[in-house]
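# Residue-level structural notes
For reference, the chains in residue letters:
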Amino acid sequence: DEDSILGVKSKDKLPVSDGQERRTAALASLKLICESPVFANHLESLLAGLDAQSNTPFMGSVVHRAYPASLVLMDAASRVARESSHHSETQKTTLMSMIYPATSHANSSPLHVICCNDTCSFTWTGAEHINQDIFECRTCGLTESLCCCTECARVCHKGHDCKLKRTSPTAYCDCWEKCKCKSLIAGHQGARFDVLCRLISETDLATKPNSRDENILLFLVQTVGRQMVEQRQYRPTRPRKTASRKSTAPADSADPEMPDHDLEPPRFCRRALERLLNDWPAVSAMLSTGSKLSQASATGPTVYEDQAFLASQSGTALLDKFSHCLLVKCSAEMLDTLLTTLIRQLQTTTQDVTKQADAKVVVRRFVRSVARIFVALSIETAPGQNKKKSPASAVQPLQRCKRVFQAIINLSIEELCETGNALL
């Protein structure tokens, strides 16, 4: 056999049983295949092949949270793309055929998937009931007293008949009791962030929306805002309760082993949000969501003033969601990061008239969005006969709106004047 040919005695070979050893051996085997000259002529077809879920090997590694393997596959894909042609566009097309083919589903983008891959809330709450968004999945039988957390709803129950529950505001996730939960293992977080950074810098996935036309930045601000509220209830020194099964099971069926539930809450999305807020293409794509270029030319039909105001405010539902969540639910540092990116783009494009004009259009859209949020919040906090004094938490978003106007003062003055005129 092969071992005898290589001079290896079977009695000297020990089976690889430890999980860490198996992962190390698998990663070494993957590197060997990607770097071997034997596979050089077939590597592109291997890396662009699809499995039953229409995932390439790279996409599959992200789905299964094998992030060190993702880095190996991305190195190999980049090398194959560089060697395929001397034209940059051809290289990009070849790379994307292995990273995220054009025929893939919009929700299968590895950038969106890697940001969804946070751990189940049970890993840090245990059997402690906390106030969190909970879902029921009729496909898997998570109904009545059973439920799952947001992370499991997005990963384990993706594509299922899974809906947000309006009752029972406090709970812990039961996904591991009824299903083979995919969100219990975090994966190597350092490699995960490295994969994220490379996807941002080497591809244009940050500008591509999902099937609901939502940009990755909108997903991240909503996720970070929700996680900040949920994770305020985290108490690292609090003893964890032992979870008792809520479902009725036959006497002869073995209960699933309780997963680790003394881990830290996931914070990857905060790092991802900060990184993407520093990326101008991603920010521009988010702030331009829903915008429609005006088709009227200088010689076209006359546009009345009120129609011009309405046109400048249309197609802004997703943008206003982003602005509201950033101003109300996220930290002030995130807003400052975005403002720094906007100001930097305005300052670095002064020599390029086209880029400067495009940057101003994007920044003006954001200022108008903040102005709309400011007006709505001001009305809510306005004193009235039946209203109590507004708490400090209600005033804080107004201060952040003013921070935006002050940071981009030149464009804000023009937009605020137009907003005031439109309100009149």
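Overview of the structure. Being a predicted model, the structure only gives us computed values, none of them experimental. (Residues numbered from 1 in each chain as written. Predicted model: local features only at pLDDT ≥ 70, side-chain atom pairs only at ≥ 80, totals over all residues. Heavy atoms only, no water.)

## So, the pairing of strand β2 (residues 134–137)
Residues Ile134 and Glu136 line one face of β2 and the alternating positions Phe135 and Cys137 line the opposite face, and both faces are buried. Pairing between β2 and strand β3 (residues 148–149): two bridges, direction antiparallel. Counted as the bridge partner of Ile134 is Cys149 from β3. In this sheet, strand β4 (residues 162–164) lies alongside β2 in antiparallel orientation, the contact comprising three bridges. Across the sheet, the residue bridging to Cys137 is Cys162, located in β4. (Buried < 20%, exposed > 50% of the residue type's maximum accessible area, 1.4 Å probe, protein only. Helix = DSSP H or I, 4+ residues; strand = E, 2+ residues; numbered from the N terminus. Pairing = 2+ DSSP bridges.)

## Considerations on the packing of aromatic side chains
Applying the stated criterion across every chain yields a total of five aromatic pairs. With 5.8 Å between their ring centres and 55 degrees between their planes, Phe122 and Tyr172 make a pair best called tilted. Here Phe122 is found in helix α8 (residues 122–125), whereas its partner Tyr172 is found in the loop between β5 (170–171) and α10 (175–178), with 50 residues between them in sequence. No difference in accessibility class separates Phe122 from Tyr172, as the two residues are buried. Judged by centre distance (6.4 Å) and plane angle (80 degrees), the ring pair of Phe193 and Phe268 falls under edge-to-face. Pair noted here: Phe193 is in helix α11 (residues 189–202) and Phe268 is in helix α13 (residues 268–277), with a separation of 75 residues, a long-range link. Each member of the pair, Phe193 as well as Phe268, carries the same accessibility label: buried. Positioned over the ring face of Phe268 is Arg192, at 3.7 Å from the centre of the ring. (Phe/Tyr/Trp six-rings, centres within 6.5 Å; stacked < 30°, edge-to-face > 60°. Lys NZ or Arg CZ within 6 Å of the ring centre and 35° of its normal.)

## A look at the environment of Leu411
When you line up the elements, Leu411 lands in helix α20 (residues 409–423). In this structure the C-alpha to C-alpha distance between Leu411 and Lys360, which are 51 residues apart in sequence, comes to 8.0 Å. Residues within four places of Leu411 in sequence aside, it is in contact with Leu346, Lys360, Val363 and Arg364. (Contact = heavy atoms within 4.5 Å.)

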